[in-house]
Amino acid sequence: LAATPGIHYANVTAQLTWQPEQYATTQYAEIELDWSKIPLKADLRLHVTIKAISEARVVTLPATFDETTDAAAFIYGVPQGSCPPGTTRSDPSSWVAPPPLAPAASPPPPSPPPPAVVVDSAILSLSVVANSTAATANVFPSVPVGIALSQPFDPAVYAYTGVVDSYVVGVQVYYQLRQALTTVASTQARRRLLAASEVYMKYYTLQTGANVIRLTTTSPNGQHSERYTLTITRDSAQNEPSSPPPPPQSPPPPPSPPPWTRPPPPPPAVDGTPPPAPPTPPPPTAALIAPKDTTQCAHCPAGTFSSIMNALECTPCAIGRFASAPLSDACAECSPGEYMHVTSGVQCAKCPMDSYANVSGTRLCVLCGSNVTTSTVGSSWCDVKTAAVPKENPDVYFVDVAFGISFHQMSGSLSGFAPNVGLDASDNDAFARALEIDVAKAFNVTRSAMMVDIVDVGSSADTQFRRRRRRFRRALLQEGDESSGVTVTCYAADSCVGAAIISVTMQATTVPNYGVVRDYQSNVNAIEDTKRRAKAVVAALRDDPIALFTTVSIGIGGVVLGHAFVSADDGLMIDKLPTPPREVPNVFGSVNVAMIVVAIILSSVAFSVAYVMHRRWRIQREVAFIEADLAYQQQKKKSGSRSGGSIRHYKDKQSTPRASWAARLNQANAKDVEQGAARTATAKKPQVQMLETSQKSLVQVAKFKERRGQTAVQSMWTQRNQPPPAIGVRAPPTSTGTTKR
């Protein structure tokens, strides 16, 4: 069982049973430990809890039972008097060095090559079993375990000794030969063996004192032999029995205990007789002290370790490693994203923002590149890409903040700044990166949106805000003195450690998508919100500069004071402002423009519908005129009337309805018939000569009327059955639609 500290193992159970006749006996539980799995610094407790299964009485554990002292067994990885790993000896003079290790035995010479089968006469295995009777069988499945000989059997060793008790009158010698046809001879018998893998036995009677047994083996070809000598010593006794005594008979079982009854109450005390004294409690058992808690051993503090037993001193953890708890036997490596730049480390620190550590056991963190950063502290890689501030975009607006900061400490300097913050860089570069980390966190921007200029100790510098205000004075967000500005000073007389001029660009609006236009008021609101956030940060900077620059304070170390250099208008400036929209006058006044537009649209739709209906009516009327005219011409042709004209002479195009046209047509037809009959009676009928064009027109109209009454299939077959026109003759039109007027 590989035990783990802090885990209670209670999954091993066993059952102890007492028979009625064993009420006065003691039962034992055997526990087997694998010392190869118990480490040197092990400190284990073995507890046994007895629980009644059936018809048994168990005394309950006392209330004062303490597992740390009343355990059934205490198991330690080192012997008593030794100090386990994680501790050192408090008194080196009391330490006794362990005896030197025995020199490593030289390796045995290589075994000679196995002999050929015909000359192999060795015994493969042999054992001597003490027994008073000879077994009847002489072939056995395996060689049993026998008495202890002077050394384990080896086919290359030919002499062995052993001792048996005085009552042992004989021994059984078990052996197995390496070849099937090998013969064996002893002091009492000689026989030929036929099986190689079987085990044989010979019985020998022993006399008091030394008994020599010789076994001689011969190879199958009879040219090679081996002799094994066994010297078995039988102890002497005054009265040596001729045969081993018979085993004693089992004693009769003890009588069953009487049934348990409650004891009678004690007799009442007689006047003048003192009560019996209570029994004397047993003396307390001295608590067993673990080896690590003895006065001879001292615990290794956190940040150190000892990996051997009885160490004389604790070893500090190396750079990049740590030991967070005392009694450590090894130091652990810092995980990726953490670092440890000193020895005796207790806890690894996380890499600051904008730095990373991608391997275990890192001493310092690596700075991120110019276009990448980290999303959080303790990063194993720079996983966030940064983009340049898009100041050239006309639809993106910004708020610029410029200020100065200086740090002061008595007898302080930037020496050791880089390892204090965990950056693998020079002290000045680490100071600039720490300023960028703190400013990015305060203003919620990336490193690409700021500019840091370091002011050397003993010099001063202008924030360059005055020059920028003159350049952009027409786009000032605040009204004030155009020539206002601040000068950052860092003199050794003021205990200045370092100073810097910082310019931050806070992006108020995002880059709009292609084709999207942001309204004026949204841009103004975004700029005002960014301005409020910038003013809040500047106000906090005025109140407590060190609270905003925690990374810089850690790098300098100790008590650090800060001084902020901010102009009267909080150092805010806007390069450009959104253009207000042009105001369009309302020419309609209070009239609802939407209703006017809807009315115009509806009027247009109504006019279009009326125009279409009028066109349909005109077309229908013209078709009716053509039909009436054709009917009139046919009627006139049948009656033989010479009067010209047509029905168009009798209709009123302005107001005559279609029904009146039919009535007048009938009247005209009747009048023409009368006039024609009169002329026929009085004069000779003249010859009427119809124009060729009129004849063709009538033929085409007749064909049109005939085709109009046909279906599409009939019209198709009619066109297919027509003969092709002759050469030079114009083909008649084949269109089946309406004729063109």
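Residues numbered from 1 in each chain as written. Predicted model: local features only at pLDDT ≥ 70, side-chain atom pairs only at ≥ 80, totals over all residues. Heavy atoms only, no water.

Trainee: Go over helix H7 (residues 593-639) with me, naming the residues and quoting the values.
Mentor: In this model, H7 (47 residues) spans 69 Å end to end at C-alpha, consistent with the 69 Å of a helix rising 1.5 Å per residue. Along H7, the residues that are buried comprise Ala624, Phe625, Asp629, Leu630, Tyr632 and Lys636. (Helix = DSSP H or I, 4+ residues; strand = E, 2+ residues; numbered from the N terminus. Expected span 1.5 Å × (residues − 1). Buried < 20%, exposed > 50% of the residue type's maximum accessible area, 1.4 Å probe, protein only.)

Trainee: An account of the state of the cysteines is needed here, citing residue identities and associated values.
Mentor: Per the counting criterion, the structure on display carries seven disulfides. Covalently, Cys351 is tied to Cys365 through a disulfide, its sulfur atoms 1.9 Å apart. Given an S-S torsion of about -80°, the disulfide between Cys351 and Cys365 has left-handed geometry. Remark: Cys365 occurs in the loop between strand E20 (355-356) and strand E21 (366-367) and Cys351 occurs in the loop between strand E19 (349-350) and E20; sequence separation between them is 14 residues. Of the two residues, Cys351 and Cys365, both sit in the buried class. The disulfide that involves Cys368 links it to Cys382, with 1.9 Å between the sulfurs. Across the S-S bond linking Cys368 and Cys382, the dihedral sits near -85°, which makes this disulfide left-handed. (Disulfide = S-S within 2.5 Å.)

Trainee: Summarise the pairing of strand E12 (residues 225-234); cite the residues concerned and give the values.
Mentor: The two faces of E12 differ: Glu226, Tyr228, Leu230, Ile232 and Arg234 on one face are buried, but Ser225, Arg227, Thr229, Thr231 and Thr233 on the other face are not. With six bridges connecting them, strand E6 (residues 159-164) and E12 associate as parallel partners. The residue of E12 that forms the bridge with Ala159 is Thr229. Both strand E11 (residues 209-218) and E12 contribute to a ladder of 10 bridges, which runs antiparallel. Paired with Asn211 across the two strands is Ile232, which belongs to E12. With antiparallel pairing between neighbouring strands as the criterion, E11 and E12 make up a hairpin whose turn holds six residues, including Gly222 at a positive phi of roughly 75°. (Pairing = 2+ DSSP bridges.)

Trainee: Account for the packing of aromatic side chains, with residues named and values stated.
Mentor: Each aromatic ring pair is characterised by the separation of its centres together with the angle its planes make. A complete count under the given rule lists eight aromatic pairs for this structure. Here the aromatic rings of Phe403 and Phe443 are separated by 6.0 Å at their centres, their planes lie at 20°, and the arrangement is stacked. Within this pair, whereas Phe403 is found in strand E24 (residues 398-408), its partner Phe443 is found in helix H2 (residues 427-443), the two being separated by 40 residues in sequence. Judged by relative accessible area, which is 1%, Phe403 ranks as buried. Residue class for Phe443 comes out buried when judged on its relative accessible area of 4%. A ring pair is formed by Phe407 and Phe549, whose centres lie 5.7 Å apart and whose planes are at 80°; its orientation type is edge-to-face. Taken together, the residues Phe407 in strand E24 and Phe549 in the loop between helix H5 (545-548) and helix H6 (550-556) connect sequence positions 142 residues apart. Taken individually, Phe407 and Phe549 each receive the classification buried, so the pair is uniform in this respect. (Phe/Tyr/Trp six-rings, centres within 6.5 Å; stacked < 30°, edge-to-face > 60°.)

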